[in-house]
Amino acid sequence: MDGRQHYRSFADPLASSLVLTALDIENWMTDLTMMKRFPLSALPQFAHELTHQWCFTSPLGYTLLFLSFRAQKAALMSMEAETADERMRFCRQCERDMVRVQLCQRLMQPIAEGLAEFAEHDAMPGRSEIIGAVFQSLAMLAAGNRVKNKRELPADKLLDNLRAVLLDARATDQHIERKANLLLEPLSALRSPYLCGYLTIKNMWFWALNHAAEHFSDSEFLLYYCKAFFYDDWDWVYLLLKRDMIFPDLNAEMMLDFLKIRLEDFNRNVSEEHAAEFVDRVLNRASSPREFESSNKLLNFSFCYDYVRATTKAAEAQQLLRELVNDVLSPESYKLSDNLFVVWTSLLTSRQNITLGRANYPADPGKLLLVKRKDGKPLVMLPCKEELPPNWNGEVTLVSLFDRGDLRCRLACLAGDKLLGVFSENGQTEDLQDFVRYSPALDPAIRVDYVRLVEAMVREACPGVDEAVAKGWNHVAERFEQMLASTALLFAKDPAKSFAAMKESGFLGVTRDLSMLEQLAALTLPGATIKSMEFPGTKSLSQLRTRRDEILANLQANAGYQPLHFEDDVVYFSFC
Amino acid sequence: MQQEIRYTVPGVSKLDMLKLKDARGVEFAEVPVPAGTYGEPVLFTMTVTLAALQVLGAYLLKKRTQARTEIEIEEIHPDGSSMRKRIVLDNSSQEPTEALASVMKQIHGR
């Protein structure tokens, strides 16, 4: 198949790109962009990838981004160095930054995937006063799914509507299959970040429910709280920017110790009081600042760090990040490479825009550009102000964009590389200025390519990077696996036995039967209780439940597990 | 060089892979994600020979949903050339045997 096409969804932490495979974009282009409806089958997957994006736009996410920019700058400076000593000095700087970026990303990957899987399968907005960016976006995108005209939906019904849409989306065969796939992932963090991360977050939720049920009975609140807890964490930033260890193994050890303490902190400190404090911060009712702005004004974002850590290194960490941003986005960097500088600023400014998808269509020129489906039927007419290029091949690319800032969709129209117009959901033409400068960045795959290209340049200039990262990683890998195993199996009666059973193939090592694993997946999806699946060929829920006792007996015999509790026929296992 | 026509379909789940991996004429390869990115859990590309066409047909049929669905497959010829086909999975009131016949016709033309 086409090498440029992707068949597995992903999000890129540095390019902040997102590629969704569940979206049949060619057929959904106009519905999506006019925000009429969002395809049900793609909604959980979108929640997953959007959660990654959300985590990338945080103090930790931006710190990693700017550390990697600084590593790129050092690599370039090493290439231009006049003496061997100078070259070595820049290479060492590049290595140290890359080691920190890559080790931190690896160590945080189970948390990142755990949050994303939780958003996909579990999180449901409840009665909390606050709602995170992911489910806010979903509420807007799915506003038209259950009504003919979304304008008929009053603002106070948006969340009710989203809850109903999420229940529908999670009760489909495709979704049960996605959950089953998650349960099939190896539990070992060295083999896969998904299951160990998901179970860790799920256990945090159960723990929080036991200690602060008033707030955490809203599972979406848990997602918001955890995102802030792990990613809006200025102590992480401080550690990455201040503790500049020369030896990669020491760097790795320090980071692992930090993560371990953070995981313990969560369980030790979660309470109604801290949750209420968090709500106050989000609603700006607390006195401490929650906006960051670099002194050159090129980076600004909001954050809501948690109560426990708020008094530690936040001020120093913010100053260190300001210095880092100034160093990277300086006139000296522009002089060094204006191309790279443009890539950096493009990656920075395009973080707010999510490309939902892009597809090519034939079009007829005219006062209004008539874009057609492949079968020749009209799709949309666009009042493009820009002229078509002279060598135009009769085809245009439509790009569906979602802006996380104003929660609106836009449609960009390109002929080759030339941007012809950008239109809002109600057909208004947008100012092209912001989009023209960064039009290549409208393609998320190109953004990822940029990042990989620059990373290749870094490796060529400083060939010791991979070796240094490997050295650091190998030093902590075994302890990292043990740590995640213990957080993932927090409630297991016999963690060693459970880990042995699940290390290689997840819950298949427990159920030892694929159909039973599929049923386990269905039984643990909250949505599955509400929706009856009557489509021919699907298993009815009553059928699925017939083997519940058998499944439970197997789980207990093979891994020593007990279900935590039952509610409305959904089994809340202490682990899945 | 392969001597017969093969068909590939991407995005096959691990669950389906485990169910189908022992069928004759069926192979799986893991779908990669770009290095350094956070991908979704593992998916596979399934390649079937003509002898295993029924497996592909049954797999596609299982992907029917309440809405009309289209799945893209690729037909690879012995000379290395290839052709993409969009298989329409229509949720009409078709019986499973009729629906399978319709899918098989779209894949192979008969």
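Remember, predicted model here, so these are calculated numbers, not experimental data. (Residues numbered from 1 in each chain as written. Chains lettered and ligands numbered in written order. Predicted model: local features only at pLDDT ≥ 70, side-chain atom pairs only at ≥ 80, totals over all residues. Heavy atoms only, no water.)

Enquirer: Any details on the overall build of chain A? Residues and values, ideally.
Expert: If you tally the helices and strands in chain A, you get 24 helices and twelve strands. Expressed as a percentage of the 576 residues in chain A, the buried residues total 61%. The long-range fraction of contacts in chain A, counting pairs at least 24 apart against all pairs at least 6 apart in sequence, stands at 71%. (Helix = DSSP H or I, 4+ residues; strand = E, 2+ residues; numbered from the N terminus. Buried < 20%, exposed > 50% of the residue type's maximum accessible area, 1.4 Å probe, protein only. Contact = heavy atoms within 4.5 Å.)

Enquirer: Kindly report on the overall build of chain B, identifying the contributing residues and their values.
Expert: Regarding its fold elements, chain B presents three helices and six strands. Ordering the α and β elements of chain B from the N terminus gives β-α-β-β-β-α-β-β-α. Evaluated residue by residue, chain B yields a buried proportion of 46% over its 110 residues. Sequence-distant contacts, at least 24 apart, represent 58% of the contacts inside chain B between residues at least 6 apart. Total accessible area on chain B is roughly 5,600 Å²; 52% of this is exposed by carbon and sulfur atoms. (Areas by Shrake-Rupley, 256 points an atom, 1.4 Å probe, with all protein chains shown as cover.)

Enquirer: Tell me about the packing of aromatic side chains, residues and numbers included.
Expert: Residues and elements named next belong to chain A. A complete count under the given rule lists 28 aromatic pairs over all chains for this structure. Arranged with centres 6.4 Å apart and planes meeting at 50°, the rings of F341 and W344 form a pair that is tilted. Taken as a pair, F341 and W344 lie in helix α16 (residues 338-349) at a separation of three residues, close to a single helical turn. Accessibility assignment for this pair places F341 and W344 in one class, buried. Chaining the aromatic ring pairs together yields one cluster made of W54, F216, F221, Y224, Y225, F229, F230, F266 and F278. Directly above the ring of F90 sits R89, whose terminal nitrogen or CZ lies 4.9 Å from the centroid. (Phe/Tyr/Trp six-rings, centres within 6.5 Å; stacked < 30°, edge-to-face > 60°. Lys NZ or Arg CZ within 6 Å of the ring centre and 35° of its normal.)

Enquirer: Requested: an account of the sheet that holds strand β2 (residues 18-19) of chain A, with residues and values cited.
Expert: As summarised here, the arrangement of the three strands in space is β2(A)-β1(A)-β3(B), forming an open sheet in which the pairing is antiparallel. Each of the sheet's edge strands pairs with one partner strand only, and the pair in question is β2 of chain A together with β3 (38-39) of chain B. By the bridge criterion, two bridges tie strand β1 (residues 10-11) of chain A to β3 of chain B in an arrangement that is antiparallel. Paired with A11 of chain A across the strands is Y38 of chain B, a residue of β3 of chain B. (Pairing = 2+ DSSP bridges.)

Enquirer: Which residues make up the interface of chain B and chain A, and what are the values?
Expert: Contact with chain B, which involves 35 residues of that partner, is made by 40 residues of chain A. Summing the contributions of chain B and of chain A, the shared interface buries around 3,200 Å²; its carbon and sulfur component is 55%. Together, L15, Y38 and E40 of chain B form the three largest contributors to the area buried by chain B at its contact with chain A, with a combined 28%. A salt bridge links E177 of chain A to K63 of chain B; the nearest nitrogen and oxygen atoms lie 3.0 Å apart. Summed over the shared surface of chain B and chain A, the result is 14 residue pairs in polar contact (both at pLDDT 80 or more). Those elements giving two or more residues to the side of chain B that touches chain A turn out to be β1 (6-13), α1 (14-20), β3, β5 (69-76) and β6 (82-89) of chain B. When residues in the side of chain B that touches chain A are grouped by element, the largest group, five residues, is from α1 of chain B. (Buried area = accessible area lost by both parts, 1.4 Å probe. Salt bridge = Lys/Arg side-chain N within 4 Å of Asp/Glu carboxyl O. Polar contact = N/O pair within 3.5 Å; in protein donor to acceptor, adjacent residues only side chain to side chain.)

Enquirer: Tell me about unusual backbone geometry, and please be specific about residues and values.
Expert: All names here are of chain A. At L407, a residue that is not glycine, the phi angle is positive and equals roughly 55°. Tracing the backbone shows L407 in the loop between β8 (395-403) and β9 (408-415). At R512, a residue that is not glycine, the phi angle is positive and equals roughly 55°. Inspection of the secondary structure puts R512 in the loop between α21 (508-511) and α22 (514-523).

Enquirer: Residues and numbers for the pattern of salt bridges, please.
Expert: When their charged atoms lie close together, side chains carrying opposite charge are able to pair. Residue and element names in this part refer to chain A. Within the structure shown, the criterion is met by 35 salt bridges over all chains. As a salt-bridge pair, E95 and R92 come within 3.2 Å of each other at their nearest N and O atoms. Within this pair, E95 and its partner R92 are both found in helix α4 (residues 84-121), separated by three residues, close to a single helical turn. Judged by its relative accessible area of 39%, R92 is partly exposed. The partner of R281 in a salt bridge is E277, with the nearest N and O atoms 3.4 Å apart. Of this pair, R281 and E277 are both found in helix α13 (residues 272-282), four residues apart, which corresponds to roughly one turn of the helix. Taking the relative accessible area as the measure of exposure, E277 reaches 23% and is therefore partly exposed.

Enquirer: Account for α4 of chain A, with residues named and values stated.
Expert: Residues and elements named next belong to chain A. Taking 1.5 Å of rise per residue, the 38 residues of α4 would be expected to cover 56 Å, and the 54 Å separating its terminal C-alpha atoms lies within 8% of that figure. Its maximal kink placed at M108, α4 deviates by approximately 45°, while the proline P110 follows within four residues. Summarising burial for α4: 27 of the 38 residues are buried, a large majority. (Expected span 1.5 Å × (residues − 1). Bend = angle between axes of the 7 residues up to and from the residue.)

Enquirer: If you had to explain the confidence of the model for chain A to someone new, which residues and values would you point to?
Expert: Across chain A, the average pLDDT comes to 83, with 84% of residues at 70 or higher. For the stretch residues 527-541 of chain A, pLDDT sits under 50, and the model shows 31 contacts to residues farther than four places along the chain or on other chains. (pLDDT = per-residue confidence, 0-100.)

Enquirer: Pulling in residues and values, what's your account of the side chain of T30 of chain A?
Expert: Tracing the backbone through its elements, the reader meets T30 of chain A in helix α1 (residues 25-33). In this view, T30 of chain A contacts L379 and V380 of chain A; residues no more than four positions away in its chain are not counted.

Enquirer: Help me get a handle on the sheet that holds strand β5 (residues 353-364) of chain A, residues and values and all.
Expert: Residues and elements named next belong to chain A. Across the sheet, which stays open at both edges, the six strands sit in the order β7-β6-β5-β8-β9-β10 with antiparallel pairing between neighbours. Strands at the two margins of the open sheet, each flanked by one partner only, are β7 (378-382) and β10 (418-424). In this sheet, adjacent strand axes meet at a mean angle of 35° when their direction is disregarded. (Axes fitted to C-alpha atoms, helices over the stretch in contact; angles between N-to-C directions.)

Enquirer: Account for the pairing of β8 of chain A, naming residues and giving values.
Expert: Residues and elements named next belong to chain A. Of all nine residues in β8, eight are buried, a share of seventy percent or more. Here nine bridges tie β5 to β8, and the two strands are oriented antiparallel to one another. Counted as the bridge partner of N360 is T397 from β8. Where β8 meets β9, seven bridges bridge the pair, whose relative direction is antiparallel. Residue V399 lies in a different strand from β9, and its bridge partner there is A412. Between the antiparallel neighbours β8 and β9 lie four residues, among them L407 with a positive phi of about 55°.

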